Amino acid sequence: MVRLKLKTILRYTAPILFAGIVSCDSQNAEPPNVVIIYADDIGYGDLSCYGARAVSTPNVDRLAAEGVRFTDAYACAATCTPSRYGILTGQYPFRRNDTGVARGDAPMIIRKEQYTVASLMQDAGYSTGVIGKWHLGLGEGDFNCQDWNGIIRPGPNEIGFGYSYIMAATGDRTPCVFIENGEVINLDPDDPIEVSYTTPFEGEPLGRTHPELLKMHPSHGHDMAIVNGISRIGYMRGGKSALWVDENFADSITLKAVKFIEKKNPEVTGKPFFLFFGTHDIHVPRVPHPRFAGATDMGPRGDAIAEFDWSVGQILEALDRSGLTDNTLVILSSDNGPVVDDGYRDQAVERLGDHKPWGPFRGGKYSAFEAGTRIPFIIRWPEHINPGTSNAGVSQVDLFAVMSQLTGQPIPENAAPDSFGELDTWLGKSSEGRDYIVQQSTGTLSIVEEGWKYIVPSKASRYNPNTNIELGHDTIPQLYNLISNPSEAINIAGENPQIVDKMAQKIEKIKTTLITRESDLN
Ligand code: NG6
Ligand code: CA
């Protein structure tokens with residue numbers, strides 16, 4: 001296919017071409033700073049620039065108005081851990097069997113020997129940092145291998161991030177503390193932290209035994225350790241002075257991100273920066289700061305979207321204040337699709353009204369249907385991007401190769417095996433999308449190519465009554481035409497056996513081709 005060949009050539013040569021573009025286009029040939037704002041569980045329809053009306057997101061909308069807003073963008077997977085694995089390593093998470101939703105005491109899933117996009121940026125001379133949600137495990141060895149009271153290694157600092165300020169897993173998992181460069185902050189050595197995912201600690205009240213202590217009750221799961229009046233997944237004891245306050249979560253990580261931008265200003269350090277800012281909004285437990293209460297009529301889920309937008313505004317303002325807006329590439333996206341009830345009685349279901357977090361798509365978080373992985377994706381870089389909308393198919397797995405093109409820093413052999421150099425598409429200069437996109441749900445894989453979507457048959461559940469999400473799994477092949485039927489209502493696999501065969505073979509080939517980056521799979 002000529003198109004593919006051309007693109008393959010571009011993949012090899014784009015760094016050189018791009019260096020040319022920079023010097024012709026502008027006086028300023030400085031490499032851009034890069035900020036990735038990675039939201040948690042924000043759906044395609046949750047932002048006003050993607051059509052939401054029940055919540056207003058003026059700061060995200062500003063970013064979209066000044067950049068390219070993608071309509072056909074995908075996360076690597078329909079849950080957090082595999083998506084984050086994919087975006088940071090440029091490898092499909094399905095290639096490993098340990099990339100499912102990680103426990104709070106999971107060892108680090110990205111091995112310390114692995115070369116990540118952060119390693120690449122560091123080698124390209126960038127100051128690098130990760131702030132916010134991590135959820136990729138910490139330490140090495142077995143579960144529960146971490147010394148929460150000492151130095152927790154390896155962690156993000158061992159795989160390319162010069163600075164880290166993170167939560168180990170999720171807001172609903174223990175340990176409920178922030179970890180800065182491998183150390184729990186505000187920890188009193190006389191009150192050490194203990195964490196377990198198997199055995200409750202004697203004498204500690206739990207959500208299931210002491211519901212009267214709860215200010216937010218679980219709807220399913222989440223009935224173990226109680227921290228800040230909210231019961232979590234996992235047990236925990238001690239570390240009182242280090243416990244986070246959920247209401248302050250966005251303030252705390254946003255402030256750290258703003259500080260990072262100010263401290264790592266290239267005018268101060270002499271080098272550009274790369275910041276991966278993983279917000280906790282709008283994951284459960286949804287406990288936005290009281291100043292956002294009532295920002296929407298949707299209760300905490302809607303108010304958490306408003307809080308997310310505030311965080312985005314703080315980042316954009318910090319860039320403006322520092323004079324860095326023009327030469328900073330900002331990417332805003334989400335790790336997976338939306339869920340309304342994800343385990344707490346937080347009124348999300350009752351107060352949803354007409355709001356459609358999934359936009360025009362079927363399914364949601366966890367699902368093989370589009371809403372599982374089809375996410376908001378916005379890129380702004382005022383010096384190089386003409387604002388607009390793009391319907392090119394893009395995938396987060398390409399971040400790695402795109403950063404390589406952007407910086408001219410080569411990808412070492414075997415790194416980023418599934419990441420394609422789609423820089424021109426990401427900058428809105430080309431309307432040609434990825435040749436194909438692979439998606440991963442909690443139970444199967446799907447592939448999107450030339451408007452068709454094929455979901456590999458699977459025995460996994462079709463529906464989760466707790467979250468009220470159609471998971472898109474079926475024992476028969478599913479084929480949808482995403483152009484005429486974006487809501488995946490009509491399975492046309494039966495009428496199109498050749499297309500099904502072709503796509504089934506393609507996905508098998510992708511599975512057995514361990515490096516798809518420079519492979520012509522046709
Ligand atoms: C699920 C949790 C859910 C959420 C999810 C991970 C239960 C019943 N549900 O197992 O609340 O934490 O894992 O979300 O425990 S993610 O966005 O980090 O992938
Ligand atoms: Ca998520």
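Residues numbered from 1 in each chain as written. Chains lettered and ligands numbered in written order. Predicted model: local features only at pLDDT ≥ 70, side-chain atom pairs only at ≥ 80, totals over all residues. Heavy atoms only, no water.

Q: Which parts of the structure should I look at to understand the site of ligand 1?
A: In the region of ligand 1, 19 residues are neighbours, and C80, D172, R173, D342 and K365 sit closest. Within the contact set of ligand 1, an oxygen atom lies 2.7 Å away from a side-chain nitrogen or oxygen of K365. In the complex, 84% of the free accessible area of ligand 1, which totals 450 Å², lies under the protein chains. (Near = heavy atom within 4 Å. Polar contact = N/O pair within 3.5 Å; in protein donor to acceptor, adjacent residues only side chain to side chain. Areas by Shrake-Rupley, 256 points an atom, 1.4 Å probe, with all protein chains shown as cover.)

Q: Mind showing me how you'd approach the sheet that holds strand β6 (residues 178-180) here?
A: Think of a sheet as strands paired side by side through backbone hydrogen bonds, with each pair either parallel or antiparallel. Taken in spatial order, the 10 strands of this open sheet run β7-β6-β5-β4-β12-β1-β13-β14-β2-β15, and their pairing is mixed. Single-partner strands in this sheet number two, and they are β7 (183-184) and β15 (388-390). Bridge count between strand β2 (residues 68-70) and strand β14 (residues 377-380): 3 bridges; the pairing is antiparallel. Of the residues in β14, the one forming a bridge with V68 is I379. Strand contacts of helix α2 (residues 58-66): β2, β13 (328-334) and β14, with the helix running at about 60 degrees to β14, the strand carrying the most contacts. Against the sheet, helix α3 (residues 80-89) makes contact with β1 (33-39), β4 (127-133) and β12 (273-278), and its axis sits at roughly 165 degrees relative to β1, the strand it touches most. (Pairing = 2+ DSSP bridges. Helix = DSSP H or I, 4+ residues; strand = E, 2+ residues; numbered from the N terminus. Contact = heavy atoms within 4.5 Å. Axes fitted to C-alpha atoms, helices over the stretch in contact; angles between N-to-C directions.)

Q: How should I be thinking about the side chain of H355 in this particular structure?
A: Here H355 is to be found in the loop between β13 and β14. Judged by its relative accessible area of 5%, H355 is buried. Residues within four places of H355 in sequence aside, it is in contact with G45, D46, A52, A54, V55, M298 and R301. (Buried < 20%, exposed > 50% of the residue type's maximum accessible area, 1.4 Å probe, protein only.)

Q: Sorry if this is basic, but what is going on with the environment of G229 here?
A: Within the secondary structure layout, G229 lies in the loop between β9 (226-227) and β10 (230-231). Separated by 18 residues in the primary sequence, G229 and P211 have C-alpha atoms spaced 9.3 Å apart. Setting aside its immediate chain neighbours within four residues, G229 contacts L213, L214, K215 and M216.

Q: Would you explain the pairing of strand β19 (residues 452-455) in this entry?
A: The side chains of a regular strand alternate between the sheet's two faces. Here strand β18 (residues 445-449) pairs with β19 via 4 bridges, running antiparallel. When the bridges of β19 are listed, S446 appears paired with I455. The antiparallel pairing of β18 with β19 creates a hairpin that spans 2 residues between the two strands, and E450 there sits at a positive phi of about 45 degrees. The pairing of β19 with strand β22 (residues 478-481) spans 4 bridges and is classified as antiparallel. Each residue of the ladder has a partner; that of Y454, found in β22, is L479.

Q: I'm lost on the nonpolar core in this one. Help?
A: As a rule of thumb, soluble globular proteins bury nonpolar side chains together. In terms of nonpolar packing, the biggest core is built from 116 residues, with W134, F274 and M403 touching the most fellow members. A total of 8 residues in this core trace back to one element, the largest contributor, which is helix α7 (residues 300-321). Residues within four places of W134 in sequence aside, it is in contact with R84, L88, M108, P156, I159, F161, I166, M167, A168 and A169. Core analysis: the next-biggest nonpolar cluster, separate from the first, contains 17 residues, Y92, L445, L479 and A493 among them. (Core = buried A, V, L, I, M, F, W, Y, C linked by side-chain atoms within 4.5 Å.)

Q: What is the right way to look at the sheet that holds β18 in this model?
A: Spatially, 4 strands are ordered β17-β18-β19-β22 in an open sheet, and the strand pairing comes out antiparallel. Bordering the open sheet on either side are β17 (437-440) and β22, each of which pairs with just one other strand. Between one strand axis and the next, the sheet turns by 20 degrees as a mean value, whatever way the strands run. Of the strand pairs in this sheet, β17 and β18 are connected by 4 bridges, and their pairing is antiparallel.

Q: Mind showing me how you'd approach the domain arrangement of the protein chain here?
A: Bring the parts together and some accessible area is lost; that lost area is often taken as the interface size. As far as domains go, the protein chain holds domain 1 (2-181 + 248-426) and domain 2 (437-518). Between domain 1 and domain 2, the C-alpha centre-to-centre distance is 25 Å. At the boundary of domain 1 with domain 2, total buried surface from both sides reaches about 2,900 Å², with 55% on carbon and sulfur atoms. Three residues, F94, R362 and A368, lead the burial of domain 1 against domain 2; their summed loss comes to 21% of the area buried on that side. Here domain 1 is connected to domain 2 by 2 salt bridges. When the shortest N-O distance is used, the salt bridge between E470 and R362 registers 2.8 Å. Here domain 1 is connected to domain 2 by 22 residue pairs in polar contact (both at pLDDT 80 or more). Only α1 (2-25) and β16 (394-395) provide two or more residues apiece to the side of domain 1 that touches domain 2. At 3 residues, α1 tops the list of elements feeding residues into the side of domain 1 that touches domain 2. (Domains from an automatic or database assignment. Buried area = accessible area lost by both parts, 1.4 Å probe. Salt bridge = Lys/Arg side-chain N within 4 Å of Asp/Glu carboxyl O.)

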